[in-house]
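# Summary of the model geometry
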Amino acid sequence: MMKEKIKQLVKEKNAVILAHNYQPPEIQDIADLCGDSLELSIKASKTDAEIIVFCGVRFMAETASILCPGKTILLPVQDAGCPMADMVTPGALKKEKQRLGNIPVITYVNSTAAVKALSDICCTSANVIDVVKSTGAKEVLMTPDKNLAQYAASKTDVKIHLWKGFCPYHNTLTIEDVQKAKKNHPSALFMAHPECAPEILKMADAVESTSGMIRFAGESESQSFIVGTENGLLYPLSKAFPGKKFYPASEKMLCIDMKKIGLENIIESLENNSGEVKVSENMRKKAFRAVKRMIDLK
Ligand code: 13P
Ligand code: SF4
């Protein structure tokens, strides 16, 4: 019933529903596109729909607003945020830029528009290495995720100054959790997200973005996988490969913010255009450069 209503509203209003790979199953099932942060940004930049309903967290809707000033971007639940994005403020970043001198600032898309506006280029977990290399610099500052920065440093010759931010879910995964999962599932490959700590990534058979993990699981001959990311990813993995087995690396990896949107919120948002996310034009212009430079790398 609710699904039918959403379909009808999407058609009437010329809308598109984009959902992150961590969203609840019923949201992923009604979305026009599910994906990782990079895929969703690219899709947002290309769609000709008038309204984008973003089922994810605030920074994702803000990125869509930065890329598409003429469109209405709806975030069906207003307080769906990303705690990591709030770990860097524009004031603190300005100070650090001054301290380090004139080096490029790379900012993970999991950040506010105000922080993007102070950055040279954005990155996601899917393109971080290409982005670091694209600067041509010997030294860069990366915000806000220390784990993503350390991962990029391990894969390039660039000196990367860290910001001390982290994802409160990925960062809790411990060596003991992974050892236990490997002991329980000895033939499974271990996939980890680069938001996990360096000691975890060393234990991984593959380090990938969320969509990267879906591709890896499909291409691999292995029949079973331990999934080192937010557990919402288990749904699209099992849906894409019903014959394969997927096990969470830890039951603790559940992002509360990613589970806030329900079908009823999408209906309400589409009916009333409620939950609009609009980055002010002044800020948008400044943030656009960094986001567009990233999108254009693809
Ligand atoms: P992806 O871009 O890999 O989908 O990750 C987004 C995110 O929020 C990870 O915690
Ligand atoms: Fe932010 Fe972590 Fe949730 Fe991703 S999983 S949205 S990084 S808190």
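Starting afresh in each chain, residues are numbered from 1 along the sequence in its written order. As a convention, the first chain written is A and the first ligand written is 1, with the rest following in written order. pLDDT decides what is reported in this predicted model: residues at 70 or higher carry local features, side-chain atom pairs at 80 or more are listed and counted, and totals for whole chains, interfaces and linings draw on all residues regardless. Neither water nor hydrogens contribute to the side-chain values; these are computed over all heavy atoms in the structure.

For the rest of this paragraph, the subject is the overall build of the chain. Strands are runs of DSSP state E lasting at least two residues, helices are runs of H or I lasting at least four, and both sets are numbered from the N terminus onward. Helices and strands together make up the secondary structure of the chain, namely 14 helices and 12 strands. Radius of gyration means the value over C-alpha atoms here, while the globule rule gives 2.2 Å times the residue count to the 0.38 power. Relative to its length of 298 residues, the chain is compact, with a C-alpha radius of gyration of 19 Å against a globular reference of 19 Å. Each principal axis of the C-alpha distribution contributes one length, and for the chain these read about 50 × 50 × 30 Å. Exposure categories follow from relative accessible area, calculated using a 1.4 Å probe and restricted to protein chains: below 20% of the type maximum is buried, above 50% is exposed, and the middle band is partly exposed. Here the chain holds 298 residues, and 57% of them are scored as buried. Long-range contacts, defined here as pairs at least 24 residues apart, represent 62% of the contacts in the chain between residues at least 6 apart. Here a residue-residue contact requires only that any non-hydrogen atoms of the pair lie within 4.5 Å.

Strand order across the open sheet formed by four strands is β2-β1-β3-β4, with parallel pairing between neighbours. Two strands bound the open sheet, and with one partner strand each, they are β2 (33-35) and β4 (72-74). Put simply, the sheet's adjacent strands are angled 20 degrees from each other on average, direction ignored. A pair of strands is considered paired only if DSSP assigns at least 2 bridges between the two. The pairing of strand β1 (residues 15-20) with β2 spans three bridges and is classified as parallel. Across the sheet, the residue bridging to His-20 is Gly-35, located in β2. Fitting a line to C-alpha atoms yields each axis, with helices limited to the stretch in contact; the angle taken between N-to-C directions then spans 0 to 180 degrees. Of the strands in this sheet, β1, β2 and β3 (51-55) touch helix α3 (residues 37-46), which is tilted by about 145 degrees from β2.

This part covers the packing of helix α4 (residues 58-67) against helix α14 (residues 281-296). For the pair α4 and α14, the least separation of the axes is 9 Å and the interaxial angle reads 95 degrees. By the angle class used here, α4 and α14 are roughly perpendicular. In contact with Thr-63, Ser-65, Ile-66 and Leu-67 of α4, α14 contributes Arg-284, Ala-287, Phe-288, Val-291 and Ile-295. Polarity classes work like this: nonpolar for Ala, Val, Leu, Ile, Met, Phe, Trp, Tyr, Cys and Pro, charged for Asp, Glu, Lys and Arg, and polar for all others, with Gly in that last group. Grouping the amino acids of the contact of α4 with α14 by side-chain chemistry returns six nonpolar, two polar and one charged. Each angle gets one of four labels, with under 35 degrees taken as roughly parallel, over 145 as roughly antiparallel, 65 to 115 as roughly perpendicular, and the rest as oblique.

Glancing now at the packing of aromatic side chains. Within a pair of aromatic rings, the relevant descriptors are the distance that separates the centres and the angle that separates the planes. Here a Phe, Tyr or Trp ring, Trp counted by its six-membered ring, pairs with any other such ring whose centre lies within 6.5 Å, and the pair is stacked when the planes are under 30 degrees apart, edge-to-face when over 60, and tilted otherwise. The full count for this structure, using the stated rule, is two aromatic pairs. Aromatic pair Phe-216 and Phe-225: ring centres 6.4 Å apart, planes at 80 degrees, arrangement edge-to-face. Remark: a charge is flagged as sitting over a ring if the NZ atom of Lys or the CZ atom of Arg is within 6 Å of the ring centre and within 35 degrees of the ring normal. Residue placement shows Lys-244 over the ring face of Phe-241; its charged tip is 6.0 Å from the ring centre.

A separate point is the site of ligand 1. We call a residue near a given molecule or strand whenever any one of its heavy atoms falls within 4 Å of it. Residues in close proximity to ligand 1 include His-20, Tyr-22, Asp-36, Ser-37, Asn-110, Ser-125, His-170, His-193, Glu-195, Ser-209 and Thr-210, which together make up its full environment. Between ligand 1 and the protein, one listed contact pairs an oxygen atom with a side-chain N or O atom of Tyr-22 at 3.4 Å. Counted as a polar contact is a pair of N or O atoms within 3.5 Å, where, for protein atoms, one must be capable of donating a hydrogen and the other of accepting one, and residues adjacent in sequence contribute only when both atoms are in side chains. Here an oxygen atom of ligand 1 sits 2.6 Å away from a polar atom, N or O, in the side chain of Thr-210. Lining residues are defined by having an atom within 4 Å of a point belonging to a cavity or pocket. Those points lie on a 1 Å grid over the protein atoms alone, cavities being sets where a 1.4 Å probe fits but cannot get out and pockets being open sets with protein on both sides within 12 Å along at least five of seven lines. Throughout, a molecule is located in a cavity or pocket provided that more than half of its atoms lie within 2 Å of its grid points. Under a 2 Å grid-point criterion requiring more than half of the atoms, the pocket assigned to ligand 1 is the largest cavity.

Neighbouring residues of ligand 2: Tyr-22, Cys-82, Pro-83, Asn-110, Cys-167, Tyr-169, Glu-195, Cys-255 and Met-258. One can see that ligand 2 is located within the largest cavity. Taken together, the residues that form the shell around ligand 2 break down as seven nonpolar, one polar and one charged.

Attention now moves to α3. Helical geometry note: an α-helix holds 3.6 residues per turn, so side chains three or four residues apart project in the same direction. Those residues of α3 that fall on the buried side of the exposure criterion are Ser-37, Leu-38, Leu-40, Ser-41, Ile-42 and Ala-44. In this structure, the buried side of α3 is in contact with β1, β2, β3, α4 and α14.

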